[in-house]
Amino acid sequence: MLNLLLKEIRHNPLLWLLVFVPVVFAAETLAPDAHTLLFVLSVLAIVPLAGLLSHATESVAAKTGDSVGGLLNATLGNLTELVIALAALRAGQYTLVKASIAGAIVTNALFMLGASLLLGGLKHRVQEFNRVGARFQASLLFLATIALLVPSAIARADFVPGAVTQSLSLGLAVLLVVTYGLGMLFSLKTHREFFASEEGGEAGEKPWPLGMALVTLAGVTVLVALVSEVFVESVQKAAEAFGMSPAFVGFIVVALVGGAAEMASAFSAARKNRLDLSVGIALGSASQIALFVAPVLVLLSYVLGPAPMSLEFWPGAVSMMLIATVTAAFVSNGGRSAWFVGVLMLMVYLVFAMTLYLLPPQVS
């Protein structure tokens, strides 16, 4: 098994960057105050780990089917974002936590899905995917976005005390987690036949044995979590050096780095004409962030944070999440795609990124 893994590393230049994994840990020990250096090294370390996670997840998906494979990839990929958010939660950096939640939803729904459609469309003229599964994930995402919008809306009313917003956020967190669990029961158990993949896909590389893929998934996930800790500790000071606001860091930088593993899998699957897996990863990850990760962070803030965290976001974040959700729903409604659809989604994402960079919102 080890020989097969070493062979994969030798033949894939991207995986040569794995050398940065021990380097980032050594640098953290020797120069803990070199925040900009640690930030760059942690990003370089996460990229090859994402590649390994991608290959291992595709191997598992080959055995389990694209629906379960997409769910597995989204879950493991979101583990990185959850670790990053937990570190910020413990430090009381709620602006970074909320920006990373909103950014992860928008990045997965627009950037990851759009880039997958673009990369797949450049190789295959027209691609098809199971629109029932895509619409299901888009519906879950829309529900979660509405739930995130309500606390932000009522908080703007002068007669509503902050305690009401906090209590509402706690109740909504429980409802969203229950909805996520019921959604998994529906898609993976009671109505799983609706979510079968469309025929298609290339033979591509031979998948790894299941045992090797699972061991690799477990080991790489742990390494990604450890490197993410270094990333969180260095990102704020590095952001100041690069002239980036906390909102931009959370919304764009943390979301892109945290979702690197999922993006590698989604892009690779799209190029192999397995668009069901790409759509499942992108929309599944976005809905999982909104329905599971965000509520769990609210619940954990009562234990880990200096104060309870609410689901109140600044107006710009709510607007961007809602627009991203509606855009993803429109795109996934047809079940077919070409490269220009991906371009349009990426343009919407770039509009958001440019706005946040040039006009960072005033967040409390």
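As a reminder, the structure under discussion sits directly above these lines.
Note that the structure is a prediction, hence the values are computed from the model and not measured. Residue numbers restart at each chain and count upward from 1, following the sequence in its written direction. Restriction of local features to residues with pLDDT of at least 70 applies here, the model being predicted, together with a cutoff of 80 or more for giving and counting side-chain atom pairs; totals for whole chains, interfaces and linings are based on all residues. To obtain the side-chain values, all non-hydrogen atoms of the structure were used and water was disregarded.

Asks: Can you explain the overall build of the chain? Please cite residues and give values.
Replies: Comment: elements are numbered from the N terminus, with helices defined as DSSP H or I runs of at least four residues and strands as E runs of at least two. What the chain contains, in helices and strands, is 13 helices and two strands. Type-normalised accessible area, obtained with a 1.4 Å probe on protein chains alone, sets the label of each residue: buried when under 20%, exposed when over 50%, and partly exposed for intermediate values. Considering the chain as a whole, with its 364 residues, one finds that 53% of them fall into the buried category. Taking all contacts inside the chain whose residues are at least 6 apart in sequence as the whole, residues at least 24 apart take part in 86%. Where accessible areas are quoted, they stem from the Shrake-Rupley method and a 1.4 Å probe; at the residue level, only the protein chains shown are allowed to cover. Looking at the chain as shown, the accessible area adds up to about 15500 Å², and 69% of this sits on carbon and sulfur atoms. Contact criterion: two residues are considered in contact whenever any of their non-hydrogen atoms come within 4.5 Å of each other.

Asks: Residues and numbers for the packing of helix α12 (residues 315–332) against helix α13 (residues 339–358), please.
Replies: Packing of α12 against α13 brings their axes to within 11 Å, and their N-to-C directions diverge by 175°. Our classification of the angle between α12 and α13 gives roughly antiparallel. Here α12 contributes M320, I323, T327, A328 and V331 to the contact with α13, which in turn contributes V341, M345, V348, F352 and L356. Simply put, an axis is a line fit to the C-alpha atoms, just over the touching stretch for a helix, and the angle between two N-to-C directions goes from 0 to 180 degrees. Note on terminology: angles under 35 degrees are roughly parallel, angles over 145 are roughly antiparallel, angles of 65 to 115 are roughly perpendicular, and the others are oblique.

Asks: Explain α12 residue by residue, including any values.
Replies: Residues three or four positions apart in an α-helix share a direction because the helix packs 3.6 residues into each turn. Compared with the 26 Å implied by 1.5 Å per residue over 18 residues, the 26 Å span of α12 between its first and last C-alpha is a close match. Restricting attention to buried positions, one finds in α12 the residues A317, V318, M320, M321, A324, T325, T327, A328, V331 and S332. Tucked inside the fold, the buried residues of α12 contact α5 (94–123), α6 (131–155), α9 (246–258), α11 (275–304) and α13. Given the number of residues in a helix, its expected span is that number minus one, multiplied by 1.5 Å.

Asks: Give me the pattern of salt bridges: which residues, what numbers.
Replies: For side chains bearing opposite charge, pairing can occur when the charged atoms are close. For salt bridges, the criterion is a side-chain nitrogen of Lys or Arg within 4 Å of an Asp or Glu carboxyl oxygen. Within the structure shown, the criterion is met by one salt bridge. Close ionic contact of R336 with E128 constitutes a salt bridge, the shortest N to O distance being 3.6 Å. One end of the pair, R336, is in strand β2 (residues 336–337); the other, E128, is in strand β1 (residues 127–128), and 208 residues separate them in sequence. On the basis of relative accessible area, E128 is assigned to the partly exposed category, the value being 44%.

Asks: I'd like to hear about the nonpolar core, residue by residue, with values.
Replies: Put simply, a nonpolar core is a bunch of buried Ala, Val, Leu, Ile, Met, Phe, Trp, Tyr and Cys residues held in one set by side-chain atoms that sit within 4.5 Å of each other. Judged by nonpolar contacts, the single largest core of 113 residues is most densely connected at I101, V106, F231, F251 and L297. At 16 residues, the largest contribution of residues to this core is made by α5. Not counting residues up to four positions away in its chain, the partners in contact with F231 are F39, S42, V43, I84, V253, V254 and V257.

Asks: Give me the lowdown on the environment of T327, citing residues and values where you can.
Replies: Relative to the assigned elements, T327 resides in helix α12. Take T327: its relative accessible area is 18%, and that puts it in the buried class. Measuring from C-alpha to C-alpha, the distance between T327 and L110 comes to 7.8 Å, with 217 residues separating the pair along the chain. Leave out the neighbours within four places in its chain, and T327 touches L110 and M345.

Asks: Tell me about the packing of aromatic side chains, and please be specific about residues and values.
Replies: Pairs of aromatic rings are described using the distance from one ring centre to the other and the angle between the two planes. Ring geometry is summarised as follows: Phe, Tyr and Trp rings, the Trp one being its six-membered ring, pair when their centres sit within 6.5 Å, and such pairs are stacked at plane angles under 30 degrees, edge-to-face over 60 and tilted between the two. Enumeration according to the criterion identifies seven aromatic pairs in this entry. Ring centres of F248 and Y357 lie 5.1 Å apart, and the angle between their planes is 70°; this geometry places the pair in the edge-to-face category. Of the two residues, F248 is situated in helix α9 and Y357 in helix α13; the sequence distance between them amounts to 109 residues. Judged by its relative accessible area of 11%, F248 falls in the buried class.

Asks: Can you break down the environment of F313 residue by residue, with the values?
Replies: Relative to the assigned elements, F313 resides in the loop between α11 and α12. Residue classification places F313 among the buried residues on the basis of a relative accessible area of 2%. In this structure the C-alpha to C-alpha distance between F313 and A99, which are 214 residues apart in sequence, comes to 8.3 Å. With sequence-adjacent residues up to four places away left out, F313 is seen in contact with K98, I101, A102, L148, S152, R156, V318 and M321.

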